[in-house]
Amino acid sequence: MFGLGTKNIGIDLGTANTIVFVEGKGIVLREPSVVAKNTKTGEIVSVGEEAREMIGRTPASIVAIRPMKNGVIADYDTTVAMMKYFIEKTIGRSGGKPYVMVCVPSGVTEVEKRAVIDATRVAGARDAYVIEEPFAAAIGAGLPVMDPTGSMVVDIGGGTTDVATISLGGIVSSRSIRVAGDMLDEAIISYVRSHYNLLIGQQTAEKLKWEVGSASVEAAKQMEGTQVRGRDLISGLPNTIDVTAVDVATAIAECISDIITAVKETLEETSPEIAADVIDHGIVLTGGGALLKDLPDVIAEATRVPVFVADNPLDCVAIGTGESLKSIDVMKKK
């Protein structure tokens, strides 16, 4: 426990990970958005990193779930329990009720937005506000969001990819698609199952993505493959196979294509002036997906616009959400 009193906090409530930013302290907590529950009693067994280690390894009475799906709440009560745990771990049980800023994908409905606000209040916030993910990412990446110049950010998280052009403190055009880290993992699982008759878990797929994954099939031809273990679908027994980098790049190629389409469509919707600014300043990638090998080059080739990965791409949304706490007094008056 950090004993930080009633400092305002910003939460990047992600599908895969939750990052908490405390005013005046910076990022103080980074844990997987996973909760382990006892199915018989409904009791929460563990939250965060400890719960993540249980995925695929629990007895019948315990289930490890991710209560966020595609950037929005899929299991309300479990999300409340998870947020309560994170808030208490951040400020302590006697730390008072903080004002909380939570980020949401740009495409969420008012109902989904209200669910996030309600869950945060029930979890222990004095009051809660939301900020759109690409705007928070742009702030965290240090882009000049308040200036009369166009910026473009592509935030690739666990559940959604949010693309937006931003100028004068607001989003000019945006796209939010449910193609991101989780979908890439699922594509790898599906490919290995159909091509090698081997069933692998989500954590194995994620490891494959980071170790030998590439956004470019051509670039993958120069890369080494790796061995993976799973369950053979024919014999039902454990088995080990060799998976090439080209296999992984081919598996995720369609997802990468969908992300590029979202970037192109967002660019097409922007005014010529903002498009010109984006060509000058480039597109900035944030989120965990920004770390996929060769992704900047592939997007740059498709859009003919320079593409850069932000410093600390995993933390940009949380930093931006935290920075927006400075204007929370304006939110209170709305």
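Up top is the structure these notes are about.
Model, not experiment: these values are computed from the prediction.

Of all hydrophobic cores here, the largest spans 46 residues; its most connected members are I188, I256 and I283. Where this core is concerned, the elements lending two or more residues are β11 (151-156), α5 (181-196), α6 (202-212), β16 (238-243), α8 (245-269), α9 (272-281), β17 (283-286) and α10 (295-303). Leaving out residues up to four positions away in the same chain, I188 has contacts with I200, A205, L208, K209, V248, A251 and I252. With 28 residues, the next largest nonpolar core counts I9, I11, L13 and V104 among its residues.

This part covers the packing of α5 against α6. Relative orientation of the contacting elements α5 and α6 amounts to 100°, with a least axis distance of 9 Å. Put simply, α5 runs roughly perpendicular to α6. In this structure, α5 contributes G181, D182, L184, D185, I188 and I189 to the contact, and α6 contributes Q202, A205, E206, L208 and K209. Of the residues contributing to the contact of α5 with α6, the split by class is 5 nonpolar, 2 polar and 4 charged.

Once that is clear, we can look at the pattern of salt bridges. A complete count under the given rule lists 16 salt bridges for this structure. Residue R30 pairs with D315 through a salt bridge whose shortest N-O separation is 2.6 Å. On the criterion of sequence distance, the pair formed by R30 in strand β3 (residues 26-32) and D315 in the loop between β18 (307-309) and α11 (316-323) is long-range, its members being 285 residues apart. Residue class for D315 comes out buried when judged on its relative accessible area of 14%. What emerges from the salt-bridge pattern is a single network uniting R114, D118, R121 and D127.

The rules behind these values
Residues numbered from 1 in each chain as written. Predicted model: local features only at pLDDT ≥ 70, side-chain atom pairs only at ≥ 80, totals over all residues. Heavy atoms only, no water. Core = buried A, V, L, I, M, F, W, Y, C linked by side-chain atoms within 4.5 Å. Buried < 20%, exposed > 50% of the residue type's maximum accessible area, 1.4 Å probe, protein only. Helix = DSSP H or I, 4+ residues; strand = E, 2+ residues; numbered from the N terminus. Contact = heavy atoms within 4.5 Å. Axes fitted to C-alpha atoms, helices over the stretch in contact; angles between N-to-C directions. Parallel < 35°, antiparallel > 145°, perpendicular 65-115°, else oblique. Nonpolar A, V, L, I, M, F, W, Y, C, P; charged D, E, K, R; others polar. Salt bridge = Lys/Arg side-chain N within 4 Å of Asp/Glu carboxyl O.

That's the geometry; what it means functionally is another story.
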